[in-house]
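Examining the three-dimensional arrangement
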Amino acid sequence: MIKIGVFCAASDKMDSSYFEHAAQVGQWIGEKGNTLVYGGADLGLMECVAQAVKSAGGKVIGVVPTKLEEKGRVSHLLDKTIPTCNLSDRKDILVELSDYLIALPGGVGTLDEIFHVVAAASIGYHSKKVILYNQNGFYDTLLKMLDEMAQKGFMRHNLSSYFLVANSIEQLTEITRI
Ligand code: AMP
């Protein structure tokens, strides 16, 4: 059983197409009997992915900071809850547990998670990459900036050592081979 870490929006104010794509990714995880590892809140795209994973027959692990538990926003869908003291611990556990890490569209929390993974990889803590799920070019602007930083010599390694880009479920399957 493969564990797939997903970073994505806690907001629910976005266009419904983001929810449709998030549900497709969740279904892709669940129908192969794989497990979602994520932030565990019953919010936005996070809850949408978790619901789709469960409906398709997969399992869901939430890595949940105590503060979130106190606020009662923990999803009822979790098969397993891993409590953490703070957000930093949570990110480390998410990376450690996950065989693959996928970033769906999100806000600053998602960006924080993406760069936590990449910054740790860049100094040799692990060799996991983040797959940017680039629905409708959501990550194009970020990729352009990263490319510019690389061209100006600010990256120690090629961008492809840190990031992979998937524009569709088919490309997720090609990249992960699952
Ligand atoms: P954002 O992209 O700012 O909406 O933040 C979502 C990401 O940060 C998710 O991948 C979560 O792991 C984490 N996160 C942010 N806010 C929350 C919250 N209230 N509950 C759980 N996780 C959150």
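About the cut-offs
- Residues numbered from 1 in each chain as written.
- Predicted model: local features only at pLDDT ≥ 70, side-chain atom pairs only at ≥ 80, totals over all residues.
- Heavy atoms only, no water.
- Helix = DSSP H or I, 4+ residues; strand = E, 2+ residues; numbered from the N terminus.
- Contact = heavy atoms within 4.5 Å.
- Near = heavy atom within 4 Å.
- Polar contact = N/O pair within 3.5 Å; in protein donor to acceptor, adjacent residues only side chain to side chain.
- Areas by Shrake-Rupley, 256 points an atom, 1.4 Å probe, with all protein chains shown as cover.
- Nonpolar A, V, L, I, M, F, W, Y, C, P; charged D, E, K, R; others polar.
- Buried < 20%, exposed > 50% of the residue type's maximum accessible area, 1.4 Å probe, protein only.
- Pairing = 2+ DSSP bridges.
- Right-handed = clockwise from strand over helix to strand, strands pointing away.
- Axes fitted to C-alpha atoms, helices over the stretch in contact; angles between N-to-C directions.

**With respect to the side chain of T35**
Relative to the assigned elements, T35 resides in strand β2 (residues 35–38). Ignoring sequence-local partners within four residues, the contact set of T35 consists of M1, I2, K3, I4, I29, K59, V60 and I61.

**Some points on the site of the ligand**
Around the ligand, the structure places 16 residues, and the nearest of them are A10, G107, G109, T110 and E113. For the ligand, a nitrogen atom lies 3.1 Å from a polar atom in the side chain of R90. One of the backbone nitrogen or oxygen atoms of V108 is found 3.4 Å away from an oxygen atom of the ligand. Coverage of the ligand by the protein amounts to 80% of the 480 Å² it exposes when considered alone. Counting residues per element, the shell around the ligand draws most heavily on helix α5 (residues 108–122), which supplies four residues. Residue composition of the shell around the ligand, by class: nine nonpolar, five polar and two charged.

**Quick notes on the pairing of strand β6 (residues 130–133)**
The side chains of a regular strand alternate, first on one face of the sheet and then on the other. Judged by which residues are buried, β6 turns out to be covered on both faces: V130 and L132 on one side and I131 and Y133 on the other are all buried. Pairing analysis gives three bridges linking strand β5 (residues 100–103) to β6, with the strands arranged parallel. The residue of β6 that forms the bridge with I102 is I131. Taken together, β5, α5 and β6 constitute a β-α-β crossover, and its handedness is right-handed. Taken together, the four bridges between β6 and strand β7 (residues 163–166) define a ladder with parallel strand orientation. Bridging from a neighbouring strand, I131 pairs with L164 of β7. Between β6 and its parallel partner β7, the chain crosses via helix α6 (residues 140–151), and the hand of that crossover is right-handed.

**Here we look at the sheet that holds β2**
With parallel pairing, seven strands are arranged side by side in an open sheet as β4-β3-β2-β1-β5-β6-β7. Two strands bound the open sheet, and with one partner strand each, they are β4 (80–84) and β7. Mean inter-strand twist for the sheet, computed between neighbouring axes without regard to direction, equals 25°. The pairing of strand β1 (residues 3–7) with β2 spans three bridges and is classified as parallel. What sits directly across from G5, in β2, is V37. Relative to β1, helix α1 (residues 16–31) is tilted by about 165°, and along the sheet it contacts β1, β2, β5 and β6.

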